[in-house]
Amino acid sequence: CSPTGLDAVARLLLADGTALAPDAARVAVVDAGAGLDDAAREAWPAVHAYRDRLDAGPSTDTLAEAVEGAELVLLDLPTSLDALEDTARTVSTHAAPGVVLVAAGRSKHMTPRQNDVLGRAFEQVQAQRGVGKCRALHARGARPAEDPTPRTAEEQTTGLQLVAHGGGFNGP
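Residues numbered from 1 in each chain as written. Predicted model: local features only at pLDDT ≥ 70, side-chain atom pairs only at ≥ 80, totals over all residues. Heavy atoms only, no water.

(A) Molecular detail of the pattern of salt bridges. Using the criterion set out here, one finds three salt bridges in the structure. The partner of Asp37 in a salt bridge is Arg51, with the nearest N and O atoms 2.1 Å apart. With Asp37 in helix α2 (residues 34-43) and Arg51 in the loop between β2 (47-50) and β3 (52-53), this residue pair connects regions lying 14 residues apart in the sequence. The class of Arg51 is buried, set by a relative accessible area of 11%. In this structure, the salt-bridge partner of Arg41 is Asp38, at a minimum N-O distance of 3.9 Å. With Arg41 and Asp38 both in helix α2, this residue pair falls three residues apart, about one helical turn. The class for Arg41 is partly exposed, based on a relative accessible area of 44%. Owing to a relative accessible area of 49%, Asp38 belongs among the partly exposed residues under this scheme. (Salt bridge = Lys/Arg side-chain N within 4 Å of Asp/Glu carboxyl O. Helix = DSSP H or I, 4+ residues; strand = E, 2+ residues; numbered from the N terminus. Buried < 20%, exposed > 50% of the residue type's maximum accessible area, 1.4 Å probe, protein only.)

(B) Up close: the packing of helix α1 (residues 8-20) against α2. Closest axis-to-axis distance for the α1/α2 pair is 10 Å, and the angle between their directions is 20°. Here α1 lies roughly parallel to α2, going by the angle between them. Crossing geometry of α1 relative to α2 is assigned as right-handed. Contacts between α1 and α2 involve Ala10, Leu13, Leu14 and Thr18 from the former and Leu36, Ala39, Ala40 and Ala43 from the latter. Tallied by class, residues from the contact of α1 with α2 come to seven nonpolar, one polar and no charged. (Axes fitted to C-alpha atoms, helices over the stretch in contact; angles between N-to-C directions. Parallel < 35°, antiparallel > 145°, perpendicular 65-115°, else oblique. Left-handed = near helix turned anticlockwise from the far one by under 90°. Contact = heavy atoms within 4.5 Å. Nonpolar A, V, L, I, M, F, W, Y, C, P; charged D, E, K, R; others polar.)

(C) Layout of unusual backbone geometry. Despite not being glycine, Asp31 shows a phi value in the positive range, around 55°. The topology assignment puts Asp31 in the loop between β1 (27-30) and α2.

(D) Representation of the pairing of strand β10 (residues 161-164). Here strand β9 (residues 151-154) runs beside β10; their pairing, made up of four bridges, is antiparallel. Paired with Glu154 across the bridge in β10 is Gln161. What sits between the antiparallel neighbours β9 and β10 is a turn of six residues, in which Gly159 has the positive phi angle 80°. (Pairing = 2+ DSSP bridges.)

Structural data, given as structure tokens:
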């Protein structure tokens, strides 16, 4: 497959994904640009993409539908730990039992707490060496978890009830 035109994070996701699960029958690409979808379709027979990003266009499936039965999930790391928690719990609940999650982002936006968040949904989490200005986290051994539930809060002046999932107020 050709990584031409992909950003550094997408190239890292593709490289690690092909190294860890070259024969995956079903792959989910989560919150990455469309270029990674196209490159992944060259490497694997069944690729489902999910986007909840303004800069990459909306998805027609829910996250749970996109990762259902996936053996490999490629995730462009969100900046919000709550969004990562929701995604990790959904993947561990709906993907194939032996799923491998490859999550990558720019090193300057990553924190060791992301390892802890992934560790609540997976038995093994391993940080990889940086490549350029990017780094990947590999997670295996999905732990049973409940689907994430939205958080609620009441706006004090109007009494309006606000409801959102972890990434509800997260930027692209």
